Amino acid sequence: MKLVQIPFSHNCVKVRIALALKKIDYEIQNISPMDRTTVVAASRQGLVPVLIDGDRAVADSTAILLYLEERHPDPPLVPADPKMRAECLLLEDWADQALMALSRRVAYWNVTSTPGKLARMFFPGETGFTVRLKERIAKRRVLDRFHVSEASYRRDAPEAKRLAALALARLGGRPWLFDGGPTIADIALAAMAAPLASDEALKADPAVASLLSWGERLVAEDRPASRGR
């Protein structure tokens, strides 16, 4: 298997956690956020992650997790009971829909507020005037594409606190959303919340801090030793 990815994408983190939990060897092909030709060639669309397994390319992080569950069912990341399975898929979808765009906007607001930080993410190892120019272009594209602004941040910060409190209430002090171990819902919640750690003010909120602390166990699975070659 090969994962075509942008390393810091939380959708890609989500897939890497699942691959690590299932102990699947895989290769990584990193792409530049500004150049999606490799992804389009592999999957006929421009979003990451894309998992290539033989002659099959699977796009979309949720579709990849379900594909891995079908191909490599041990350990299971989706409950076998139909009712619990449905709830798991609903919670996975909720985490994606409620947190993905919001936490990305928060993270990019913080990243683009610090000169040079976006360049280090998008153009690692590059220096000099050219990379500063490329950073300015990338910043404009990021702000426009993801609708990042001071106004969006003012809306997102209180909403992040509300969503974190809801997630904690659903966890109810348990280690996972469902008995028996982590599921794709836990993976999505941990991965989609993780970018909130970029914001010092949000990390001071008790609910956000608790959610980030809870998710650290899963995010810690995303380590180089789990990634194959």
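Whatever comes next refers back to the structure up there.
The text that follows walks through the structure, step by step, so that each part is easy to find. Worth saying up front: this structure is predicted, and the values here are computed from it rather than measured.

Brief notes about the overall build of the protein
And step 1. Counting its secondary structure elements, the protein contains 10 helices and four strands.
And step 2. Across the protein, helices and strands are ordered from the amino to the carboxyl terminus as β-α-β-α-β-β-α-α-α-α-α-α-α-α.
And step 3. Here the C-alpha atoms of the protein give a radius of gyration of 18 Å, agreeing with the 17 Å that 2.2 N^0.38 yields for 229 residues.
And step 4. Dimensions of the protein along its principal axes, counting C-alpha atoms only, are 55 × 45 × 30 Å.
And step 5. When each of the 229 residues of the protein is scored for burial, the buried share is 46%.
And step 6. For the protein, the accessible area works out to roughly 11,600 Å², and carbon and sulfur atoms hold 55% of it.
And step 7. Here the protein contributes 33 positive and 28 negative side-chain charges, whose respective centroids are spaced 6 Å apart.

Structural notes on the packing of aromatic side chains
And step 1. Under the definition given, this model contains six aromatic pairs.
And step 2. Between the aromatic rings of Phe8 and Phe122, the centroid separation amounts to 5.7 Å while the plane-to-plane angle is 15 degrees, which identifies the pairing as stacked. Of the two residues, Phe8 is situated in the loop between strand 1 (2-5) and helix 1 (10-21) and Phe122 in helix 5 (residues 117-122); the sequence distance between them amounts to 114 residues.
And step 3. For Phe8, a relative accessible area of 30% translates into the label partly exposed.
And step 4. Residues Phe122 and Phe123 carry aromatic rings whose centres are separated by 6.2 Å and whose planes lie at 70 degrees to one another, so their mutual orientation is edge-to-face. Each member of the pair, Phe122 as well as Phe123, is classed as buried.
And step 5. Counting every residue linked through ring pairs, the aromatic cluster contains Phe8, Tyr108, Phe122, Phe123 and Phe146.
And step 6. Over the ring of Phe178 we find Arg170; its NZ or CZ atom is 5.3 Å from the centre of that ring.
And step 7. Geometry around Trp176 places Arg217 over its ring, the cationic atom sitting 4.4 Å from the centre.

Some words on the packing of helix 8 (residues 184-193) against helix 10 (residues 206-219)
And step 1. Relative orientation of the contacting elements helix 8 and helix 10 amounts to 115 degrees, with a least axis distance of 9 Å. Overall, the two elements helix 8 and helix 10 adopt an arrangement that is roughly perpendicular. The crossing of helix 8 and helix 10 is left-handed. Facing helix 8, whose interface residues are Asp186, Ile187, Leu189, Ala190 and Ala193, helix 10 presents Leu211, Leu212, Trp214, Gly215, Leu218 and Val219.
And step 2. For the contact of helix 8 with helix 10, the per-class residue count stands at nine nonpolar, one polar and one charged.

Some remarks on helix 8
And step 1. For helix 8, a buried count of 10 out of 10 residues is recorded, marking the element as mostly surrounded by other parts of the structure.
And step 2. Tucked inside the fold, the buried residues of helix 8 contact helix 1, helix 3 (61-71), helix 4 (82-112), helix 7 (150-171) and helix 10.

A look at the pattern of salt bridges
Think of it this way: side chains of opposite charge can pair up when their charged atoms draw near.
And step 1. For the structure shown, the criterion picks out 11 salt bridges.
And step 2. As a salt-bridge pair, Glu126 and Lys134 come within 2.8 Å of each other at their nearest N and O atoms.
And step 3. By relative accessible area, Lys134 is classed as partly exposed at 27%.
And step 4. The shortest N-O distance in the salt bridge between Glu150 and Arg154 comes to 3.5 Å. Of the two residues, Glu150 and Arg154 both sit in helix 7, four residues apart, roughly one turn of that helix.

So, how was this worked out
Along every chain, residues carry numbers that run from 1 in the direction the sequence is written. It should be noted that, the model being predicted, local features are given only for residues of pLDDT at least 70 and side-chain atom pairs only at 80 or more, the latter also being counted only at that level, while totals for whole chains, interfaces and linings use all residues. Side-chain calculation: all heavy atoms of the structure are included, whereas hydrogens and water are not. Numbering of helices and strands starts at the N terminus; helices are DSSP runs of H or I of at least 4 residues and strands are runs of E of at least 2. Radius of gyration means the value over C-alpha atoms here, while the globule rule gives 2.2 Å times the residue count to the 0.38 power. Working definition: with a 1.4 Å probe on protein chains only, accessible area under 20% of the residue-type maximum means buried, over 50% means exposed, and in between means partly exposed. Note on areas: Shrake-Rupley with a 1.4 Å probe; residue coverage comes only from the protein chains shown. His residues and chain termini do not enter the charge count, which takes Lys and Arg as positive and Asp and Glu as negative. Lys charges are placed at NZ, Arg charges at CZ, Asp charges at CG and Glu charges at CD. Aromatic pairs are defined between Phe, Tyr and Trp rings, using the six-membered ring for Trp, whenever the two ring centres lie within 6.5 Å; interplanar angles under 30 degrees are classed as stacked, those over 60 as edge-to-face, and all others as tilted. We call a charge positioned above a ring when the Lys NZ or Arg CZ atom is no farther than 6 Å from the ring centre and deviates by at most 35 degrees from the ring normal. Axes, fitted as lines to C-alpha atoms, cover a helix only where it is in contact. Angles between the N-to-C directions of the axes lie from 0 to 180 degrees. Just so you know how the angles are binned, under 35 degrees is roughly parallel, over 145 roughly antiparallel, 65 to 115 roughly perpendicular, and the rest oblique. Here is the rule for handedness: rotate from the far helix to the near one, and if that takes an anticlockwise turn smaller than a right angle the crossing is left-handed, while a clockwise turn gives right-handed. Note on contacts: a residue pair qualifies if any of its non-hydrogen atoms lie within 4.5 Å across the two residues. Polar here means any residue outside two lists: the nonpolar Ala, Val, Leu, Ile, Met, Phe, Trp, Tyr, Cys and Pro, and the charged Asp, Glu, Lys and Arg; Gly therefore counts as polar. What counts as a salt bridge is simple: a side-chain nitrogen of Lys or Arg found within 4 Å of a carboxyl oxygen of Asp or Glu.

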